[in-house]
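# Understanding the architecture of this molecule
Here's the letter readout for the chains.
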Amino acid sequence: MSKVLIIEDEVAIADLEKDYLELSGFHVEIENNGNRGLARALSEEFDMFILDLMLPGVDGFEICKKIRENKNTPILMVSAKKDDIDKIRGLGLGADDYITKPFSPSELVARVKAHLSRYERLINSSVQENDVIEIRGLKIDKTARRVWVNEEEKQFTTKEFDLLAFLAQNPNHVFSKEELFSQIWDLESVGDIATVTVHIKKIREKIEFSTTKPQYIETIWGVGYRFKV
Ligand code: CA
């Protein structure tokens, strides 16, 4: 259930907004004070903020700015004056939408729904993108467990893939062979750190243009390996 935080000092308006949003299936919480609203907006997880401009404590302009410095959660700003809307736009605070009082509750609900579904699509698409790592012609699809080098697909064994994906997911971090062995191979596996060396060699043969001058997996002498970005 999507969680909405209303920051609004006029109790009647806040309650009206809450009632309509709850009827539409949202979980709604209210803060009547700017300081408390801002603190909760930053420390708790909400899916959307409905933010009044004139508030006791911190005002809506400042709250919007502070939320945007930390989160991409949609913000709908509510104002009593049309002039304020121009001001919000002019300040470039990063609010997603604006609505002036008085507004019809159903219009508010429609806008909240629109922003939430847009935001969910955005989140879902970035989650999917994160499953694909792309660095300088090397593409690793972690979900499909496939690897391409300059558009050409390469075949990897299970452990080769696990090792490559692990290194690529932790770029610029130097791992010792012992660390890599314990990450990728389970305790019952027969083998030792030489196994890591052998696998790195095989991976390099598949992804590197020159295995003597690797551009992806770099050897840190006396320490181990790191995936260069
Ligand atoms: Ca107010």
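These numbers come from a predicted model, not from an experiment.

### Quick word on the sheet that holds strand β10 (residues 175-176)
Pairing within the open sheet is antiparallel, and its three strands lie in the order β10-β12-β11. Because the sheet does not close on itself, it has two edges, and the strands there are β10 and β11 (217-220). In the sheet, β10 pairs with strand β12 (residues 224-227) via two bridges, with the strands oriented antiparallel. For phenylalanine 175, the partnering residue across the bridge sits in β12 and is tyrosine 225. Packed onto the sheet, helix α6 (residues 158-169) meets β10, β11 and β12 and runs at close to 65° relative to β12.

### What about unusual backbone geometry?
Backbone torsion omega between lysine 101 and proline 102 reads -5°, so that peptide bond is classified as cis. The residue proline 102 is located in the loop between β5 (97-100) and α5 (105-130) in this model. Although it is not a glycine, asparagine 150 sits at a positive phi angle of roughly 45°. With respect to the secondary-structure elements, asparagine 150 resides in the loop between β8 (146-149) and β9 (152-154). By relative accessible area, which is 58% here, asparagine 150 ends up exposed. A positive phi is found at glutamate 151, a non-glycine position, where the angle reads about 75°. Within the secondary structure, glutamate 151 sits in the loop between β8 and β9.

### Quick look at the nonpolar core
The biggest cluster of nonpolar side chains holds 27 residues, and the ones touching the most others in it are Leu164, Ile207, Ile217 and Phe227. Mapped by element, the contributors of at least two residues to this core are β6 (132-135), β7 (138-141), β8, α6, α7 (177-184), α8 (193-207) and β12. Top element by residues in this core is α6. It accounts for seven residues. Beyond its immediate chain neighbours, meaning those up to four positions away, phenylalanine 227 contacts Ile135, Leu138, Leu164, Leu167, Ala168, Pro171, Asn172, His173, Tyr216 and Ile217. Of all hydrophobic cores here, the second largest spans 21 residues; its members include Phe61, Ile63, Ile85 and Tyr98.

### Quick notes on the sheet that holds strand β1 (residues 3-7)
Strand pairing within a sheet occurs via backbone hydrogen bonds; the two strands may be parallel or antiparallel. Here we have five strands laid out as an open sheet, ordered β2-β1-β3-β4-β5, and parallel in their pairing. Unpaired on one side and paired on the other, β2 (27-31) and β5 mark the two borders of the sheet. Neighbour to neighbour, the strand axes of the sheet diverge by 20° on average, direction disregarded. Bridge analysis of strand β3 (residues 48-52) against strand β4 (residues 75-79) gives four bridges, and the strand direction is parallel. Bridging across to β4, phenylalanine 49 finds its partner in isoleucine 75. Packed on one face of the sheet, helix α1 (residues 11-23) meets β1, β2, β3 and β4 and runs near 170° to β2.

What counts, and where the lines are drawn
- Residues numbered from 1 in each chain as written.
- Predicted model: local features only at pLDDT ≥ 70, side-chain atom pairs only at ≥ 80, totals over all residues.
- Heavy atoms only, no water.
- Pairing = 2+ DSSP bridges.
- Helix = DSSP H or I, 4+ residues; strand = E, 2+ residues; numbered from the N terminus.
- Contact = heavy atoms within 4.5 Å.
- Axes fitted to C-alpha atoms, helices over the stretch in contact; angles between N-to-C directions.
- Buried < 20%, exposed > 50% of the residue type's maximum accessible area, 1.4 Å probe, protein only.
- Core = buried A, V, L, I, M, F, W, Y, C linked by side-chain atoms within 4.5 Å.

Nothing here speaks to function; it is geometry throughout.
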